[in-house]
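Single-letter residue listing:
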Amino acid sequence: ITSMESNLKTIEEENKLIEQNNESLLKELAGLSQALISSLADIQLPQMGPISEQNFEAYVNTLTDMYSNLERDYSPECKALLESIKQAVKGIHV
């Protein structure tokens, strides 16, 4: 029983550390999200408004799709937009 109690205490301590780490990671993610929103505030994707907290996920999904399909024959405007975005996010350090 003593061994089981000791193991339980160890597991509880590990869980507490994991929870603290998760909180830190969530704060870091929120900060990175805000940095991305600030960096891309003036860049509007085709068929989308400017990036905001409300459309953040859709905006990031659209960007991910665009970067995943760079071999597509994008218009010169779209290529220029992608280059502007690359420059805008260059300063964000993870």
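Residues numbered from 1 in each chain as written. Predicted model: local features only at pLDDT ≥ 70, side-chain atom pairs only at ≥ 80, totals over all residues. Heavy atoms only, no water.

Asker: Hey, could you run me through the UniProt feature "coiled-coil region" (unreviewed entry) in the protein in this one?
Answerer: The residues that UniProt annotates with the feature "coiled-coil region" (unreviewed entry) are residues 1–35. The distance separating the terminal C-alpha atoms of residues 1–35 is 51 Å; by composition the span is 97% helix and 0% strand. (UniProt positions renumbered as here; feature names shortened; annotations may be inferred. Helix = DSSP H or I, 4+ residues; strand = E, 2+ residues; numbered from the N terminus.)

Asker: How should I be thinking about the environment of Ser-52 in this particular structure?
Answerer: Mapped onto the fold, Ser-52 is located in the loop between helix H1 (2–39) and helix H2 (56–68). It is 18 Å that separates the C-alpha atoms of Ser-52 and Lys-86, two residues lying 34 residues apart in sequence.

Asker: Which parts of the structure should I look at to understand the packing of H2 against helix H3 (residues 76–89)?
Answerer: The packing of two helices is summarised by the inter-axis angle and the distance between the axes. Interaxial distance between H2 and H3 falls to 12 Å at its minimum, and their mutual angle equals 110°. Judged by the inter-axis angle, H2 sits roughly perpendicular to H3. The handedness of the crossing between H2 and H3 comes out as left-handed. Contacts from Leu-63, Met-66 and Tyr-67 in H2 reach Cys-78, Leu-82, Ile-85 and Lys-86 in H3. A per-class count over the contact of H2 with H3 returns six nonpolar, no polar and one charged. (Axes fitted to C-alpha atoms, helices over the stretch in contact; angles between N-to-C directions. Parallel < 35°, antiparallel > 145°, perpendicular 65-115°, else oblique. Left-handed = near helix turned anticlockwise from the far one by under 90°. Contact = heavy atoms within 4.5 Å. Nonpolar A, V, L, I, M, F, W, Y, C, P; charged D, E, K, R; others polar.)

Asker: Sorry if this is basic, but what is going on with the nonpolar core here?
Answerer: The tendency in soluble globular proteins is for nonpolar side chains to be buried side by side. The biggest cluster of nonpolar side chains holds 15 residues, and the ones touching the most others in it are Leu-40, Ile-43, Leu-45, Tyr-59, Leu-63, Met-66 and Ile-85. Only H1, H2 and H3 provide two or more residues apiece to this core. Sort the elements by how many residues they give to this core and H3 lands first, with four residues. The residues contacting Ile-85, other than those within four sequence positions of it, are Leu-40, Ile-43, Leu-45, Leu-63 and Tyr-67. (Core = buried A, V, L, I, M, F, W, Y, C linked by side-chain atoms within 4.5 Å. Buried < 20%, exposed > 50% of the residue type's maximum accessible area, 1.4 Å probe, protein only.)

Asker: Looking at this model, I keep getting lost on the environment of Ser-39. Mind explaining?
Answerer: With respect to the helices and strands, the residue Ser-39 is situated in helix H1. Residue Ser-39 is classed as partly exposed on the basis of its relative accessible area, which comes to 27%.

Asker: Looking at this structure, how should I read H3?
Answerer: An α-helical turn contains 3.6 residues, so a residue and the one three or four places further along point in the same direction. Its 14 residues give H3 an end-to-end C-alpha distance of 20 Å, which sits within 8% of 20 Å, the value for a rise of 1.5 Å per residue. Within the sequence span of H3, burial applies to Cys-78, Leu-81, Leu-82 and Ile-85. Angularly, the buried residues of H3 cover 100° about the axis, an arc narrow enough to put them on a single face. Packing partners of the buried residues in H3 comprise H2. (Expected span 1.5 Å × (residues − 1). Arc of directions from axis to C-beta.)

Asker: Would you explain the confidence of the model for the protein in this entry?
Answerer: It should be kept in mind that the predicted coordinates are not to be read in detail where pLDDT is low. Here the protein averages 84 in pLDDT, and 94% of its residues register 70 or above. The least confident element of the protein, judged by mean pLDDT, is H3 at 78; the most confident is H1 at 92. (pLDDT = per-residue confidence, 0-100.)

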